[in-house]
Amino acid sequence: MPTFDIVSEVDKEELRNAADNANRELATRFDFRGVDASIELVGDDTITLKCDSDFQVRQLEEIAAKNCVKRGISAAFAEVEDEPVHTGKTFTLNMKFKNGLEQSTARQIVKLIKEKGAKVKATIQGDKVRVEGKKRDDLQGVMALLREEKIDQDLQFNNFRD
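Conventions and cut-offs
- Residues numbered from 1 in each chain as written.
- Predicted model: local features only at pLDDT ≥ 70, side-chain atom pairs only at ≥ 80, totals over all residues.
- Heavy atoms only, no water.
- Helix = DSSP H or I, 4+ residues; strand = E, 2+ residues; numbered from the N terminus.
- Buried < 20%, exposed > 50% of the residue type's maximum accessible area, 1.4 Å probe, protein only.
- Areas by Shrake-Rupley, 256 points an atom, 1.4 Å probe, with all protein chains shown as cover.
- Lys, Arg positive; Asp, Glu negative; His and termini not counted.
- Charge placed at Lys NZ, Arg CZ, Asp CG, Glu CD.
- Phe/Tyr/Trp six-rings, centres within 6.5 Å; stacked < 30°, edge-to-face > 60°.
- Pairing = 2+ DSSP bridges.
- Axes fitted to C-alpha atoms, helices over the stretch in contact; angles between N-to-C directions.
- Contact = heavy atoms within 4.5 Å.
- Disulfide = S-S within 2.5 Å.
- Expected span 1.5 Å × (residues − 1).
- Arc of directions from axis to C-beta.

Caption draft 1: View of the overall build of the protein. Helices and strands together make up the secondary structure of the protein, namely four helices and nine strands. When its C-alpha atoms are laid out on the principal axes, the protein stretches across 60 × 25 × 25 Å. Sorting the 162 residues of the protein into buried and exposed places 40% on the buried side. Looking at the protein as shown, the accessible area adds up to about 9,400 Å², and 46% of this sits on carbon and sulfur atoms. Charge centroids of the protein, computed over 27 positive and 31 negative side chains, lie 6 Å from each other.

The following block contains the structure:
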């Protein structure tokens, strides 16, 4: 039986490339000359933005988000702190990217597939949803359905088996 998995994960290499590209752009920006500002990748899924003022930290957030989108990472689903943390003379802001489907989102996906009456079976397996069907066309219909729906996480389809 054909199957595929619905997951939500960030490509670590692309995230690192986005942070590096944002740092290169930061070095060429005129409005950041003489300012102690940095964009760093901390761990596998968090970008830390540091700067001298609150306003400039928000500008760094836009630079990082733009570079993430260029690398194919949706920055809209990143968890960004509401207020920058002020320590000493620097402001720090963290952008944490979600990995794995939350249980509520997984349940929403399974419910949506069942409501549409697709001839497939969807099961939650940890932080992913596995979809099985008799025909490849049914699975592709589910993929199209999920692309159209508003789901609060970025979804990828992988492990497609015939």
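Read on for the rest.
Caption draft 2: The arrangement of the packing of aromatic side chains in detail. Inspection of the entire model under this criterion finds two aromatic pairs. Taking 5.7 Å as the distance between ring centres and 80° as the angle between the ring planes, the aromatic pair formed by Phe 4 and Phe 157 counts as edge-to-face. With a gap of 153 residues between them, Phe 4 in strand S1 (residues 3-7) and Phe 157 in strand S9 (residues 156-161) connect regions that are remote in the sequence. With 6.2 Å between their ring centres and 15° between their planes, Phe 4 and Phe 160 make a pair best called stacked.

Caption draft 3: Broad picture of the sheet that holds strand S7 (residues 120-125). The four strands are arranged S7-S8-S1-S9 in an open sheet whose pairing can be described as antiparallel. At either margin of the open sheet sits one strand with a lone partner, and together these are S7 and S9. Shown here is a sheet whose adjacent strand axes are inclined to one another by a mean of 20°, direction ignored. Those strands touched by helix H3 (residues 103-115) are S1, S7 and strand S8 (128-133), and its axis lies near 170° from that of S7. Lying over the sheet, helix H4 (residues 136-148) contacts S1, S7, S8 and S9, oriented at roughly 175° with respect to S9.

Caption draft 4: Quick peek at the state of the cysteines. A full pass over the atoms with the stated rule returns zero disulfides. Cys 51 carries a free sulfur, and the closest cysteine sulfur to it, the one in Cys 68, is 18 Å from it. A relative accessible area of 0% places Cys 51 in the buried class. Taking relative accessible area as the criterion, Cys 68 reaches 0% and is therefore assigned buried.

Caption draft 5: Representation of the pairing of S8 within the structure. Burial of the side chains of S8 is restricted to one face: Val 129, Val 131 and Gly 133 are buried, whereas none of Lys 128, Arg 130 and Glu 132 on the reverse face is. Of the pairings in the sheet, the one linking S1 to S8 comprises four bridges and is antiparallel in character. Note that in S8 the partner of Asp 5 across the bridge is Arg 130. Bridge analysis of S7 against S8 gives six bridges, and the strand direction is antiparallel. Each residue of the ladder has a partner; that of Lys 121, found in S8, is Glu 132. Between the antiparallel neighbours S7 and S8 lie two residues, among them Gly 126 with a positive phi of about 70°.

Caption draft 6: Inspection of helix H2 (residues 54-70) at higher detail. Spanning 17 residues, H2 covers 25 Å between terminal C-alpha atoms, matching the ideal 24 Å at 1.5 Å per step. Listing the buried residues of H2 in full gives Gln 56, Val 57, Gln 59, Leu 60, Glu 61, Ile 63, Ala 64, Asn 67 and Cys 68. Once H2 ends, the next one or two residues include Gly 72, with phi positive near 85°.

Caption draft 7: H3, seen in detail. With 13 residues, H3 should cover 18 Å at 1.5 Å per step; its first-to-last C-alpha distance of 18 Å lies within 8% of that length. For H3, the set of buried residues is Thr 105, Ala 106, Ile 109, Val 110, Leu 112 and Ile 113. Down the axis, H3 shows its buried residues gathered within 160° of arc, on one side only. Turned more than 90 degrees off the buried face of H3, the exposed positions are Arg 107, Lys 111, Lys 114 and Glu 115. Buried residues in H3 make contact with S1, S7, S8 and H4. Two residues or fewer after H3 comes Gly 117, characterised by a positive phi angle close to 70°.

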